[in-house]
Amino acid sequence: MKTKSLTAAQIDTLAQRLSENPIEPTTSVKKAGDNLARLLAAQIGNDRAALAFTSIMTAATFEQAEARLTLVLDYGNIGPVGKTAPAVNEPKGATAPVIGKRQAILDQAQNGVLPQAPDFSKPTHARFRTKLAQIVALAEAGDIEALQAFEINPVSSSPKAMARYRDLCVIAIAARAWVTA
């Protein structure tokens, strides 16, 4: 489905729902968008306004944008139990830092855990399966010198995945050797 961006007049119409005073029509989509963002931030706070603004502005049609604005205004400040959202100044509990998938795999490798080999079952990777099998065999044998000497030309996604896997295996095997030494 092809999406058409909202016009300045449509954005002004949405912004008018947030303002008690009449809004002057703008001819620039950017100015209208800035005005809508400012009014949203004043109404629901900066953090939520950024998400709401993105959701509204990426709607496929004006009707969808209007419906999204209605959802934000009518249901946005209600918590799951029917209470209002906590004030911004209230202290929040300590949150754990978000760790990405690649960082988690790297952390495991640094603790000596061999990573899972990449999935080369798709036909795209067919010509690289033998090389990957060699790398897996070297990794399982714990031959760090052979892994480091194994040459990979990372010109496409398959060799890049193999190089990433090899490098993580080297890190894991080195971590194991360091722990036992």
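Everything here concerns the structure above.
Residues numbered from 1 in each chain as written. Predicted model: local features only at pLDDT ≥ 70, side-chain atom pairs only at ≥ 80, totals over all residues. Heavy atoms only, no water.

### Brief notes about the packing of helix α3 (residues 46–57) against helix α4 (residues 62–75)
Here is step 1: Contact pair α3 / α4: the axes reach a minimum separation of 9 Å and the direction vectors enclose 160°. As judged from the angle between their axes, α3 and α4 are roughly antiparallel. Pair α3 / α4 crosses with right-handed handedness. Listed contacts from α4 to Arg48, Ala52, Ser55 and Ile56 of α3 are Ala65, Arg68, Leu69 and Val72.
Here is step 2: Counted by class, the contact of α3 with α4 contains five nonpolar, one polar and two charged residues. (Axes fitted to C-alpha atoms, helices over the stretch in contact; angles between N-to-C directions. Helix = DSSP H or I, 4+ residues; strand = E, 2+ residues; numbered from the N terminus. Parallel < 35°, antiparallel > 145°, perpendicular 65-115°, else oblique. Left-handed = near helix turned anticlockwise from the far one by under 90°. Contact = heavy atoms within 4.5 Å. Nonpolar A, V, L, I, M, F, W, Y, C, P; charged D, E, K, R; others polar.)

### Some remarks on the environment of glutamate 151
Here is step 1: Here glutamate 151 shows up in the loop between α7 (144–149) and α8 (157–180).
Here is step 2: Given a relative accessible area of 69%, glutamate 151 falls into the exposed group. (Buried < 20%, exposed > 50% of the residue type's maximum accessible area, 1.4 Å probe, protein only.)

### Some thoughts on the side chain of asparagine 35
Here is step 1: Its location among the elements puts asparagine 35 in helix α2 (residues 29–44).
Here is step 2: Take asparagine 35: its relative accessible area is 16%, and that puts it in the buried class.
Here is step 3: Beyond its immediate sequence surroundings of up to four residues, asparagine 35 is in contact with Ala15 and Ile23.

### What to know about helix α1 (residues 8–16)
Here is step 1: Where α1 is concerned, the buried positions are Ala8, Ile11, Asp12, Leu14 and Ala15. When α1 is viewed along its axis, its buried side chains cluster within an angular range of 160° and face the same direction.
Here is step 2: In this fold, the buried residues of α1 make contact with α2, α3 and α4. (Arc of directions from axis to C-beta.)

### Observations concerning the packing of α1 against α4
Here is step 1: Across the interface, α1 lies against α4 with an axial gap of 11 Å and an inter-helix angle of 20°. One element, α1, and the other, α4, form an angle in the roughly parallel class. By crossing handedness, the relation of α1 to α4 is classed as right-handed. From α1, Gln10, Thr13 and Leu14 reach across to α4, where they touch Phe62, Ala65, Glu66 and Leu69.
Here is step 2: Tallied by class, residues from the contact of α1 with α4 come to four nonpolar, two polar and one charged.

### As for the nonpolar core
As a rule of thumb, nonpolar side chains are buried together in soluble globular proteins.
Here is step 1: Leu14, Leu36, Leu40 and Ile56 are the most contacted members of the largest nonpolar core, which has 19 residues in total.
Here is step 2: Listed by contribution, the elements that provide at least two residues to this core are α1, α2, α3 and α4.
Here is step 3: If one sorts the elements of this core by residue count, α2 sits on top with five residues.
Here is step 4: If we ignore the near neighbours within four places in the chain, the residues touching leucine 14 are Leu6, Leu36, Ile56, Phe62, Ala65, Glu66 and Leu69. (Core = buried A, V, L, I, M, F, W, Y, C linked by side-chain atoms within 4.5 Å.)

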